[in-house]
Amino acid sequence: MRNRFDKELVRLNDSMIEMGSLCEAAIDKAIKALAANDTDLAKEAMADDANIDELERDIEQQCYVMLLSQQPVARDLRNVSAALKMITDMERIGDQATDIAEIAVTADLTAEFHNLELDTMAKMASKMVNAAVDAYVQKDLNTVHTVYKQDDIVDQLFDKISAHIIHRIENKEIEGAKAVEVLMIAKYLERIGDHAVNIGEWVEFSITGEHPKN
């Protein structure tokens, strides 16, 4: 019985890694689509989101089967429960990558993109998602704490970009519609960072049995 559960846990870990990789790919494609005004790449990011949604349903089913058939206790129960919580945040990350891709389809923000630090912000947010999922698989609390620290950097970048855009609005250096779109992109990236933190918190719960917000 234990051997069977361990195999199912390995399969769960593999699925979580796959979902995290899809989230990273969606973020990367959406941001590159913005940088190059590439509609086709933006549509690829949207397609990745559909795959993320499908994988969320698959993982959810895996978790319910493990809970009902194996009836895990203690740490095993926390691992499966944490995975159920984590996939909700990963699905929302896919949604936010799609939101960015949709802006890339409808607006040409190439100049604004290269004058700001959206690429840096996106790379950091994507790195956080990867690290949080890896921490779950490796049961690495140190990596979780690194994710928390990286979120501070993402928040600082959001504040910096927001201040810069507000300054440009005041000086009539940017159209109102473009300003709103840039701020929305920055906000989506900031929210992706927040979801990575949420994932990290459930990883911490799976390891320690304590959720940091409780």
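Residues numbered from 1 in each chain as written. Predicted model: local features only at pLDDT ≥ 70, side-chain atom pairs only at ≥ 80, totals over all residues. Heavy atoms only, no water.

## Regarding a negative patch on the surface
No. 1: A cluster of acidic residues, Asp-14, Glu-18, Glu-54 and Asp-58, forms a negative patch on the protein surface.
No. 2: Those elements that place two or more of their residues in the negative patch are α1 (2-36) and α2 (39-70).
No. 3: Take Glu-18: it is sitting in helix α1. (Patch = residues over 30% accessible without salt bridge, like charges linked within 9 Å, V, L, I, M, F, W, Y side chains within 5 Å. Areas by Shrake-Rupley, 256 points an atom, 1.4 Å probe, with all protein chains shown as cover. Salt bridge = Lys/Arg side-chain N within 4 Å of Asp/Glu carboxyl O. Lys, Arg positive; Asp, Glu negative; His and termini not counted. Charge placed at Lys NZ, Arg CZ, Asp CG, Glu CD. Helix = DSSP H or I, 4+ residues; strand = E, 2+ residues; numbered from the N terminus.)

## Considerations on the UniProt feature "domain: PhoU" (unreviewed entry) in the protein
No. 1: UniProt annotation of "domain: PhoU" (unreviewed entry) refers to residues 17-103 and 119-203 when read in the numbering used here.
No. 2: Taken end to end, residues 17-103 has its terminal C-alpha atoms 28 Å apart, with 94% of it in helix and 0% in strand.
No. 3: Annotation note: span residues 119-203, helix share 92%, strand share 0%, distance between end C-alpha atoms 27 Å. (UniProt positions renumbered as here; feature names shortened; annotations may be inferred.)

## Quick look at the nonpolar core
No. 1: Leu-12, Met-16, Leu-118, Tyr-136 and Leu-189 are the most contacted members of the largest nonpolar core, which has 72 residues in total.
No. 2: It is α1 that provides the largest number of residues to this core, a total of 14 residues. (Core = buried A, V, L, I, M, F, W, Y, C linked by side-chain atoms within 4.5 Å. Buried < 20%, exposed > 50% of the residue type's maximum accessible area, 1.4 Å probe, protein only.)

## Structural notes on the environment of Tyr-64
No. 1: Residue position: Tyr-64 is located in helix α2.
No. 2: By relative accessible area, which is 39% here, Tyr-64 ends up partly exposed.
No. 3: Measuring from C-alpha to C-alpha, the distance between Tyr-64 and Asp-151 comes to 31 Å, with 87 residues separating the pair along the chain.

## Some details on the packing of α2 against helix α3 (residues 74-106)
No. 1: Direction vectors running N to C along α2 and α3 enclose 165 degrees, while the axes themselves pass 9 Å from each other. Taken together, α2 and α3 sit at an angle that is classed as roughly antiparallel. As α2 runs across α3, the sense of the crossing is left-handed.
No. 2: Residue composition of the contact of α2 with α3, grouped by class: 18 nonpolar, 4 polar and 7 charged. (Axes fitted to C-alpha atoms, helices over the stretch in contact; angles between N-to-C directions. Parallel < 35°, antiparallel > 145°, perpendicular 65-115°, else oblique. Left-handed = near helix turned anticlockwise from the far one by under 90°. Nonpolar A, V, L, I, M, F, W, Y, C, P; charged D, E, K, R; others polar.)

## A look at the packing of aromatic side chains
No. 1: What the rule picks out here adds up to 1 aromatic pair.
No. 2: For the ring pair Trp-202 and Phe-205, a centre distance of 5.5 Å and an interplane angle of 80 degrees mean the geometry is edge-to-face. Residue Trp-202 and its partner Phe-205 are located together in helix α7 (residues 176-208), separated by 3 residues, close to a single helical turn.
No. 3: Overall, Trp-202 belongs to the partly exposed group, its relative accessible area being 21%.
No. 4: By relative accessible area, Phe-205 is classed as buried at 18%.
No. 5: Positioned over the ring face of Phe-158 is Lys-187, at 5.1 Å from the centre of the ring. (Phe/Tyr/Trp six-rings, centres within 6.5 Å; stacked < 30°, edge-to-face > 60°. Lys NZ or Arg CZ within 6 Å of the ring centre and 35° of its normal.)

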